[in-house]
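# A look at the structure
Letter by letter, the chains look like this.
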Amino acid sequence: MPPKVDNNNAEVNPPFILAIESSCDDTSAAILLGKRVLSNVVANQEIHHLYGGVVPELASREHQKNIVPVVSAALAQAGIAKEQLSAVAFTEGPGLLGSLLVGGSFAKTFALSLGIPLIAVDHMQGHILAHFIEDDSKTAPTFPFLNLTVSGGHTQIVLVKDPLNMKVVGKTIDDAAGEAFDKAAKIMNLGYPGGPIVDKLALTGNSSKYAYATPNVDGLDFSFSGIKTSFLYHLQKEMKKDSEFITDNLNDICASIQSHLVKYLLQKMEDAICTYSINDIALSGGVSANSLLRSEFLKLAESKGIHGHIPKFEYCTDNAAMIGIAGYFKYLKSDFADLSTSPKARLHF
Ligand code: KG4
Ligand code: ZN
């Protein structure tokens, strides 16, 4: 049984929440006071760069090494003692099972030893609720709104009716948007993760130099595997004629594929705006760090006369602060998990 908590006063007397995120290859811990982030520590696992992608077994081992120092650093940066915590939130899924297990087991033990509630958070909901982290420079979206969530494992359009009431109205039927960036980079031998590398190289390239296939998928669903194949075939064809093709045209290739992916994402978002009656759209997930997507997303909102929202850069890629804000909303509703909760590689809200 989770401990009894008096949270009637939580909005006036906000809770201190420790949040832990370990769904993939970043070990992160954050402390929130209500909706305010006091610390947000992220330890990236460099080891995967050697392998050109995340190796699940290595990720889990790195989380085991990182989790205690990362949580200690989060508490120290926030300037609070663990006894002041009101609850522990953690990522329940989706993600890599071995990675989720490390964060989940740590969170359970910590909550149990302190006698405070445990809160299980859906990683994808965390990405969306990152918009509600208190920030003087931004206003949060107004409900209901449409969120485009683009990460390394997911691509979704979500109708968000309130913080804990969300419905996926469109999703990818194969690869995710982040995977499309990463695979394009891998084909060009650029390193991992490829998204930020392509983004940087695209800055000085000509985005209309090369064209790629546009998938034909019904409704608000996405497909990225055809784009990847057309990208691969184009490069193979050009490399047969000129072995230096990639090196000589790198910036233009990156700008062209990035622009193609962004246009495709935003075309679906435009269709969603026409389908649902909303005044706000929001962008989140790792790919929302992409400079072109950020600027084009805000232009789309403006052209439709609605409000566009993008989280601060540090809350786009995986981080524990987004798990903490989701934990806060669950805390307000006394939506606590018990100790038998197990991590879930797949999770759907
Ligand atoms: O949300 P996230 O940190 O982890 C998952 O939940 O998957 O997203 C990681 C993805 C990777 O595919 C990475 O290449 C992509 O986000 N990404 C970017 C950029 N920064 C990160 N993609 C395009 N442009 C970027 N600047
Ligand atoms: Zn993520």
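See above for the structure.
An account of the accompanying structure is given in this report. (Residues numbered from 1 in each chain as written. Chains lettered and ligands numbered in written order. Predicted model: local features only at pLDDT ≥ 70, side-chain atom pairs only at ≥ 80, totals over all residues. Heavy atoms only, no water.)

## Things to note about the nonpolar core
Let me state the cut-off plainly: The term nonpolar core refers to a set of buried residues drawn from Ala, Val, Leu, Ile, Met, Phe, Trp, Tyr and Cys, joined through side-chain atoms within 4.5 Å. The rule is simple: take the accessible area with a 1.4 Å probe, protein chains only, and divide by the maximum for that residue type; under 20% is buried, over 50% is exposed, in between is partly exposed. A run of DSSP states H or I qualifies as a helix once it reaches four residues; a run of E qualifies as a strand once it reaches two. Both are numbered from the N-terminal end. Residues are treated as being in contact if the distance between any of their heavy atoms lies within 4.5 Å.
In this structure, L146, L148, I157, M188, F224, M269 and I281 are the most contacted members of the largest nonpolar core, which totals 49 residues. Broken down by element, the residue count for this core peaks at 13 residues, all from helix α8 (residues 250–275). Not counting residues up to four positions away in its chain, the partners in contact with M188 are F231, L235, I246, L250, I253 and C254. Core analysis: the second largest hydrophobic core is formed by 30 residues, A87, A130, F132 and I323 among them.

## Digging into empty space enclosed by the protein
Regions of empty space are outlined by a rolling probe, equal in size to a water molecule, passed over the atoms. Basically, it comes down to this: Using only the protein atoms, space was sampled on a 1 Å grid; points where a 1.4 Å probe fits but cannot get out form cavities, open sets with protein on both sides within 12 Å along at least five of seven lines form pockets, and lining residues are those with an atom within 4 Å of a point. Grid points are joined across faces, edges and corners, and a volume is the space filled by probe spheres set on the points.
According to the stated counting rule, one finds one cavity of 30 Å³ or more in the structure shown. Roughly 40 Å³ of volume is contained in the largest cavity. What lines the largest cavity is simply A180, A184, I227, K228, F231, I257 and L261. Elements represented by at least two residues in the lining of the largest cavity include exactly α4 (177–187), α6 (225–241) and α8. Among the elements that line the lining of the largest cavity, the one with the most residues is α6, at three residues.

## Remarks on the site of ligand 1
Applied cut-off: A cutoff of 4 Å decides nearness: a residue is near a molecule or strand if any of its heavy atoms lies inside that distance of it. We call two N or O atoms a polar contact when they sit within 3.5 Å, provided that within protein one can donate a hydrogen and the other can accept it, with sequence-adjacent residues counted only if both atoms are side-chain atoms. Surface exposure here means Shrake-Rupley accessible area, sampled with a 1.4 Å probe, where a residue is shielded only by the protein chains that are shown. Each residue is assigned to one class: nonpolar for Ala, Val, Leu, Ile, Met, Phe, Trp, Tyr, Cys and Pro, charged for Asp, Glu, Lys and Arg, and polar for all the others, Gly among them. Residue ranges for the domains originate in an automatic or database domain assignment.
Surveying the vicinity of ligand 1 reveals 19 residues, the closest of which are G152, D182, D199, G286 and D318. Contacts to ligand 1 include H123, whose side-chain N or O atom sits 3.2 Å from an oxygen atom. Interatomic distance of 2.8 Å between a backbone N/O atom of G152 and an oxygen atom of ligand 1. Notes on ligand 1: free accessible area 550 Å², of which the protein chains cover 89%. Mapped onto the shell around ligand 1, the elements with two or more residues apiece are α3 (123–129), α4 and α5 (194–202). Class assignment for the residues of the shell around ligand 1 results in five nonpolar, 11 polar and three charged. Inspection of the shell around ligand 1 shows a minimum of three residues originating in each of domain 1 (7–133 + 316–332) and domain 2 (145–310).

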